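One-letter residues, chain by chain:
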Amino acid sequence: MGDGGGIDVKKDSALLKKHKRLLLTLGGPALFALCLLLPESVFPALKARYAIGTVAWMAFWWITGPVDFAVTAFLPIALNALLQIADMSAVIANYASETILLLLGASILTVSWEETGLDRRMAAKFLSLVGSNLRSQVIFWFLLCAFLSAILPNAVVCAAVTPIAVSMLRYVGQADIAKSKSGSLLLLTIAYATGVGGLASPLGGAMNLVTVDYLEQVTGQEFMYISWVVRFLPIMAILIVSNILILLIGCKKSDQLGGSREYFINQYKAMPKISSEELISLCLFLLATLLAFTRQLYQNLLPGLKPAYVFIICAILSFLITRKDGSRLMTWKKAQTKIGWELIYVFAGGLAAGTLISKSGAADAIGDFIASTNMNGGFMTVFAIVAFTVILSDVTSNTATAAVAIPIVISVVQGLGLNPIPYIYIASIGVNLSYMLPTSIRAIPVGYGLEPRYMLKKGVPITIVVILLMSVAGYLLMKFWPAFSTI
């Protein structure tokens, strides 16, 4: 009887699990269908409703996980083939974009770290420098990534820094990021900081260069990059402090990754001298990163050598590394089992979803709706601009958001007879910030094991706080700081 009862319990549990998965699987298409009922007065084009429904379906599956994350990433292709929401070539291009190649190259290079033992050496070094206190780790990674992304493309920074943090987490026994509160928090910190840091200068990303282009069109003057840095300095201070404080909520002073700083110092000192294989593996990654970061120095000489191709070239070279016994360090058969394919496809799926939103007219429809609400340029106008750009950045790329949102903001403000410059600055704040969904650079930590539901759980409150803070800060700067209304 006891054995029979045990079997029944197992069968019931398996059946319940099967039914739950079925309900969650059907939840995606159900959300898609609901989005078709959105008012035609706001979304007159059926394609726009299809695009919003696709994003809702993908978000639901990513958060609830009835299928693998990478499987969900292919929904834009499947639905676009059936419904013809946008030009298929534009959708497919996202799955072989330059950023995808960059992520592939970086992933291959980090496989060589594991093969040589470089990952353990780097982990011990970082832990010996920063210590294992979780609060210290969050602050360190946030400031590091924010600083780097101020002058470098966000995707490059996130792709380069995340595997280093993952190596450190594996070293302390937290290889399963999904089950590690500390690991999940650190990867989320890197993604958030990379986005925040991009706002600090025009070099932080293509979305800022789009904004600069519009500023020059509106004023007919050349925009000096130092002007951007000065005007966004108070905004950056508020963002850095508020983001770190929110990330530290729930972190106790006693929370540790494992082991003391002294322990890791001793661990690092006890390691054997760095091998030639480790050194070559490290140099290839540093070379790729350095060339990606300094592209402006050689872009006229080698215009085709973009960061993505630099990483691919160095990844190819990593397969030429040989051990002392003459055997190859890496083979494709071995490497392909360790490459972060899920990371690559989730990133591509997020880009493809953004393409559907922008090409279907959904983003324009949302902008037109905001423009029709009879705003007067006051606080509610600022709030609407920030909320619109932050939320749109979550479902599409930052650059696509800038391309869609900035001209809408200019036309609305000029229609009110107001100076558009401060509103362009305010829009650029939201263009750079996004926290909730595994799209754009936020797909990178998901590819390393971060659960999308964890990202949403942490992202919703920080999004609300940031929208409110940035709305108040933007409004006050516009009202009381004359420089914020000029270039």
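About the thresholds
Residues numbered from 1 in each chain as written. Predicted model: local features only at pLDDT ≥ 70, side-chain atom pairs only at ≥ 80, totals over all residues. Heavy atoms only, no water. Axes fitted to C-alpha atoms, helices over the stretch in contact; angles between N-to-C directions. Helix = DSSP H or I, 4+ residues; strand = E, 2+ residues; numbered from the N terminus. Parallel < 35°, antiparallel > 145°, perpendicular 65-115°, else oblique. Left-handed = near helix turned anticlockwise from the far one by under 90°. Contact = heavy atoms within 4.5 Å. Nonpolar A, V, L, I, M, F, W, Y, C, P; charged D, E, K, R; others polar. Phe/Tyr/Trp six-rings, centres within 6.5 Å; stacked < 30°, edge-to-face > 60°. Buried < 20%, exposed > 50% of the residue type's maximum accessible area, 1.4 Å probe, protein only. Expected span 1.5 Å × (residues − 1). Salt bridge = Lys/Arg side-chain N within 4 Å of Asp/Glu carboxyl O.

**As for the packing of helix α11 (residues 206-219) against helix α20 (residues 398-415)**
Contact geometry of α11 with α20 gives a least axis separation of 8 Å together with a crossing angle of 25°. Overall, the two elements α11 and α20 adopt an arrangement that is roughly parallel. The chirality of how α11 crosses α20 is right-handed. Mapping the contact onto sequence places Ala206, Met207, Val210, Thr211, Tyr214 and Val218 in α11 and Asn398, Thr399, Ala402, Ala403, Ile406, Pro407 and Ile410 in α20. Along the lines of polarity and charge, the residues of the contact of α11 with α20 split into ten nonpolar, three polar and no charged.

**Considerations on the packing of aromatic side chains**
A full pass over the atoms with the stated rule returns 18 aromatic pairs. Ring geometry for Phe74 and Tyr95: centres 5.7 Å apart, planes at 10°, overall stacked. In this pair, Phe74 is assigned in the loop between α3 (69-72) and α4 (75-83) and Tyr95 in the loop between α5 (88-92) and α6 (98-116), connecting sequence segments 21 residues apart. Judged by relative accessible area, Phe74 falls into the partly exposed class, the value being 34%. Classification of Tyr95 by relative accessible area gives buried; the value is 15%. Both rings, one in Phe285 and one in Phe311, keep their centres 6.2 Å apart while their planes meet at 80°; by these two values the pair is edge-to-face. Residue Phe285 is located in helix α14 (residues 276-293), and its partner Phe311 is located in helix α15 (residues 307-318); the two are separated by 26 residues in the primary sequence. For Phe285, a relative accessible area of 4% puts it in the buried group. Given a relative accessible area of 1%, Phe311 falls into the buried group. Clustering of aromatic rings is evident, with ring pairs tying together Phe74, Tyr95, Phe319, Trp332, Trp341 and Tyr345.

**Concerning the side chain of Thr189**
Relative to the helices and strands, Thr189 resides in helix α10 (residues 181-197). Setting aside residues up to four positions removed in sequence, Thr189 forms contacts with Val138, Trp141, Phe142 and Leu247.

**Some remarks on helix α17 (residues 341-359)**
Under the 1.5 Å per step criterion, the end-to-end length of α17 is 27 Å for 19 residues, consistent within 8% with the ideal 27 Å. Where burial is concerned, most of α17 is hidden: 14 out of the 19 residues are buried. Of the residues flanking the end of α17, it is Gly361, one or two places downstream, whose phi is positive at about 95°.

**Points about unusual backbone geometry**
Residues apart from glycine generally show negative phi values, whereas peptide bonds are mostly found in trans. With phi around 50°, Gln84 is a residue other than glycine that occupies positive phi space. Take Gln84: it is sitting in the loop between α4 and α5.

**Quick look at the pattern of salt bridges**
Across all of its chains, the model carries eight salt bridges by this definition. Of the charged contacts in the structure, one is a salt bridge between Glu115 and Lys338, with a shortest N-O distance of 2.7 Å. Here Glu115, found in helix α6, pairs with Lys338, found in the loop between α16 (332-335) and α17; they are 223 residues apart in sequence, far enough to count as distant. Glu115 sits in the buried class, given a relative accessible area of 16%. When salt bridges that share partners are traced, they join Glu115, Arg323, Lys334 and Lys338 into one network.

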